[in-house]
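Secondary and tertiary structure notes
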Amino acid sequence: MDTKIAVFLCNCGGAIKNIDFEATRERISKIPGVTSVDLSSGLCFEEGKREMVSRIREEHPDRVVVAGCAPEFSECVFQQVLETAGLSGRSFSAANIREQCSWVHDGDVTGKAVELVKMAVSRVRLLRTLEKKELPVSREVLVVGGGFSAIGTALRLSRIGLPVTIAAVEEVLGATQDGVESFYRCDIDTMKSAVEGDRNIEVLTPARVTSAHGEAGDFAVTIEREGERIRRKYGAIVLATGFTTELSPVSVKGLPVVGGAGSPANIVSQEQLFRMLDNGATARKPETIAFLLDSCDENSRFPTLATLNNAIAARVKWGSEVYVFCKDVKVDSEGAEKLYREARGCGVVFVKCDSAPRLAIDDGRISIEARDVFLGADTIVDCDLLVAEEVLCPPEGTEALADMFNIRLDSRGFYQDENVHLYPVGFEKRGVFCVGGCRGDLEASRMANDIHSVAMMIYGLLSSGVIEAEIERVKADTQKCVACLTCIRVCPHSAIRLSRVDNGKEIAVISDVACDACGICAAICPAKAIVFEGYRDDQVLAQIEAIGES
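Right, let's walk through the structure included here. (Residues numbered from 1 in each chain as written. Predicted model: local features only at pLDDT ≥ 70, side-chain atom pairs only at ≥ 80, totals over all residues. Heavy atoms only, no water.)

**Side note on the overall build of the protein**
- Along the protein, the regular secondary structure elements total 15 helices and 28 strands.
- Taken along the three principal axes of its C-alpha coordinates, the protein extends 95 × 65 × 45 Å.
- Residue pairs in contact within the protein that sit at least 24 positions apart in sequence constitute 69% of those at least 6 positions apart.
- Carbon and sulfur atoms make up 49% of the accessible area of the protein, which totals about 26,400 Å².
- Here the protein holds 62 positive side-chain charges and 81 negative ones, and the gap between their average locations is 3 Å. (Helix = DSSP H or I, 4+ residues; strand = E, 2+ residues; numbered from the N terminus. Contact = heavy atoms within 4.5 Å. Areas by Shrake-Rupley, 256 points an atom, 1.4 Å probe, with all protein chains shown as cover. Lys, Arg positive; Asp, Glu negative; His and termini not counted. Charge placed at Lys NZ, Arg CZ, Asp CG, Glu CD.)

In structure tokens, the structure reads:
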């Protein structure tokens, strides 16, 4: 029996203007196997999806092709529409007639649009539906860390009904604070009290994760606590280890080593100045304060926010003269532009210099010399207190945890998220997440967003107690696989392992839960042993042959 194929054309709300959709519909309707062709102005809108479900239920097609925008945007949406209408989500193929056709050509591109739809029709005929299976998962979550981000994440997860274990290396939960957390006056004591009164949260301190393996929904983790080894199963893991700061030796070049013998007491960090301003610990209020900014680390938000806040506080509380030596003041954070204007308004002087200022000590005072870009002349300031620039560093143990969970680190040594725009709190290893400063410096609002995002993603993953997985969408052929380990080395999701089959031969086995269907293993396998359903050779060749027919 011939496969019945329904085609849906979408002009993306009129954004596709150089395709004759009536002519396209007429030509597509003549393709063998195509039983219906519908034209819409907004298939991805709720009304468009309802109409699509209705047409599928009326026509009863075996396969569906949608011609519109890029599959990266539309595939997930329309697979859900097909499942709502009673079809398998894998009975779908997309033809990109917008980004790959209309928007890259001048003039009429009706012919190319028809070709792209023909290719999608040829491919969709050969698609196979996949069996889905529900696998039980652990609903308990492990949060690694003991600061604001870790405690906030644990409380949020507990409130949505998920049991949580906090494992922190500190003796007492919240004993040490990241620079951002202390600087923004997070009410850690109230949060600690909430954790202590929450029966859904278990706190292990001091504790360290020593081993972990498994996949989303079923991680086996070993935690060492005071000589005791605790082995648990967790459905998801959240890394919230924060970051540390240290004074940059580059920013105080020419001066005695900070913290060493003969180190001047009037060189402080942002956090030290914050505490001095907060508790009035200084006996004599400094008359002149200088800040060094972005001479050695131009990628961090925290130094800019800390400088602006501390500079304003010093002017208001102490009445000090305040100078900020900087290359640029980056105000991409929430409220940073307002802080910058407020600082200038209260008398903070910004000295823009292209190169790092020259420093010297004269009679106990620090002399700073820099060429002011705007004045075109050298500026010399003698200050009582120098706030040196700090660099942000990942905490001890970051690399060990990254190796344990097989996740990447960025150039600074922080955890590298899967995608900074689309998946900022997730890793390529499904079921492992990161929150707050451990993925780089973040201001308070972004840390709060991280907590909400992680809670939402984990709830969607574990709340039902099962994970639905497609069985053998990507599979290694037992006859072709020679266990060369190439696929294991390149898989970014840690989804492949070696396993023995009935005849004792070792082959690559791909986890249906951990696999993200990226296709890297299938593309690189030297023996062509890995089959990726939806991208089999015959399906790709069918698309190529459809072009040749014209």
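**Looking at the sheet that holds strand S11 (residues 228-234)**
- A sheet is described by the order of its strands in space; here three strands give the open sequence S9-S10-S11, paired in antiparallel fashion. The outermost strands of the open sheet, each flanked by one partner alone, are strand S9 (208-215) and S11. The average undirected angle you get between the axes of adjacent strands in this sheet is 15°.
- Looking at chain direction, S9 and strand S10 (residues 218-225) are connected through seven bridges and run antiparallel. Its bridge partner lying in S10, serine 211 is registered against threonine 222. (Pairing = 2+ DSSP bridges. Axes fitted to C-alpha atoms, helices over the stretch in contact; angles between N-to-C directions.)

**Notes on the nonpolar core**
- Counting residues in hydrophobic clusters, the biggest one holds 42 residues, and the most contacted among them are Val7, Met52, Ile97 and Val117.
- Among the elements of the structure, strand S1 (5-10), helix H1 (21-28), strand S2 (34-40), helix H2 (46-59), strand S3 (63-68), helix H3 (71-84), strand S4 (92-96) and helix H4 (110-125) are those that each provide at least two residues to this core.
- Residue contributions to this core peak at seven residues, all from H4.
- The contact partners of methionine 52, leaving out residues within four places of it in the chain, are Phe8, Leu43, Val64, Val66, Phe78, Val81 and Leu82. (Core = buried A, V, L, I, M, F, W, Y, C linked by side-chain atoms within 4.5 Å. Buried < 20%, exposed > 50% of the residue type's maximum accessible area, 1.4 Å probe, protein only.)

**Notes on the packing of aromatic side chains**
- Summed over the entire model, instances satisfying the criterion amount to four aromatic pairs.
- Centroid distance tyrosine 415 to phenylalanine 427: 5.9 Å. Interplanar angle 75°. Geometry classified as edge-to-face. With tyrosine 415 in the loop between helix H11 (398-405) and strand S23 (432-434) and phenylalanine 427 in the loop between H11 and S23, the pair connects residues that are twelve residues apart, well separated along the chain.
- A relative accessible area of 4% means that phenylalanine 427 is categorised as buried.
- Aromatic pair phenylalanine 532 and tyrosine 535: ring centres 5.0 Å apart, planes at 40°, arrangement tilted.
- Assessed through its relative accessible area of 7%, phenylalanine 532 is described here as buried.
- Above the ring of tyrosine 535, the side-chain terminus of arginine 123 is found at 5.0 Å from the ring centroid. (Phe/Tyr/Trp six-rings, centres within 6.5 Å; stacked < 30°, edge-to-face > 60°. Lys NZ or Arg CZ within 6 Å of the ring centre and 35° of its normal.)

**Comments concerning the side chain of asparagine 18**
- Turning to its location among the elements, asparagine 18 is positioned in the loop between S1 and H1.
- Here the side chain of asparagine 18 touches serine 102 through a polar contact of 2.5 Å, side chain to side chain.
- At 3.1 Å, the side chain of asparagine 18 forms a polar contact with the backbone oxygen of glycine 107.
- Setting aside residues no more than four positions away along its own chain, asparagine 18 makes contact with Ser102, His105, Gly107, Asp108, Val109 and Thr110. (Polar contact = N/O pair within 3.5 Å; in protein donor to acceptor, adjacent residues only side chain to side chain.)

**Some remarks on the packing of helix H9 (residues 302-317) against helix H10 (residues 336-345)**
- Packing of H9 against H10 leaves a shortest axis separation of 9 Å and a crossing angle of 35°. Crossing of H9 against H10: the hand is left-handed. Only Ala336, Leu339, Tyr340, Glu342 and Ala343 of H10 make contact with H9, whose side of the interface consists of Leu305, Leu308, Asn309 and Ile312.
- When its residues are assigned to classes, the contact of H9 with H10 shows seven nonpolar, one polar and one charged. (Left-handed = near helix turned anticlockwise from the far one by under 90°. Nonpolar A, V, L, I, M, F, W, Y, C, P; charged D, E, K, R; others polar.)

**Points about unusual backbone geometry**
- Proline 206 follows threonine 205 through a cis peptide bond whose omega is -15°.
- One non-glycine residue, cysteine 12, adopts positive backbone phi at about 55°.
- Relative to the helices and strands, cysteine 12 resides in the loop between S1 and H1.
- We classify cysteine 12 as buried; its relative accessible area is 19%.

**Quick look at the packing of H1 against H4**
- At their nearest, the axes of H1 and H4 sit 10 Å apart, and the two run at 40° to each other. Between H1 and H4, the angle falls in the class oblique. In the packing of H1 onto H4, the handedness of the crossing is right-handed. Of the residues in H4, those in contact with Ala23, Thr24, Arg27 and Ile28 of H1 are Thr110, Gly111, Val114 and Val117.
- Per-class residue counts for the contact of H1 with H4 are four nonpolar, three polar and one charged. (Parallel < 35°, antiparallel > 145°, perpendicular 65-115°, else oblique.)

**Here we look at the environment of asparagine 200**
- Its location among the elements puts asparagine 200 in the loop between helix H7 (188-196) and strand S8 (201-204).
- Spatially, the C-alpha atom of asparagine 200 lies 5.9 Å from that of serine 158, the residues being 42 residues apart in sequence.
- Residues within four places of asparagine 200 in sequence aside, it is in contact with Ser158, Gly161, Leu162, Pro163 and Val164.
- Reaching out from asparagine 200, the side chain makes a polar contact with the backbone oxygen of leucine 162 at a distance of 3.3 Å.

**A word on H1**
- Within the sequence span of H1, burial applies to Phe21, Thr24 and Ile28. The arc that holds the buried residues of H1, viewed along the axis, is 55°, so those residues lie on one side.
- Where H1 is buried, its residues touch S1, S2 and H4.
- Capping the start of H1, aspartate 20 holds a side-chain oxygen 3.2 Å from the backbone nitrogen of glutamate 22, two or three residues further along. (Arc of directions from axis to C-beta.)

**With respect to the pattern of salt bridges**
- Scanning the model with the defined rule gives 25 salt bridges in all.
- Close ionic contact of arginine 98 with glutamate 99 constitutes a salt bridge, the shortest N to O distance being 2.6 Å.
- According to the relative accessible area criterion, arginine 98 is buried, its value standing at 15%.
- Note that lysine 475 is salt-bridged to glutamate 472, the shortest N-O span being 3.5 Å.
- Under the relative-accessibility criterion, glutamate 472 is labelled partly exposed at 42%.
- Within this structure, Asp38, Arg55, Glu58 and Glu59 form a network of salt bridges that share partners. (Salt bridge = Lys/Arg side-chain N within 4 Å of Asp/Glu carboxyl O.)

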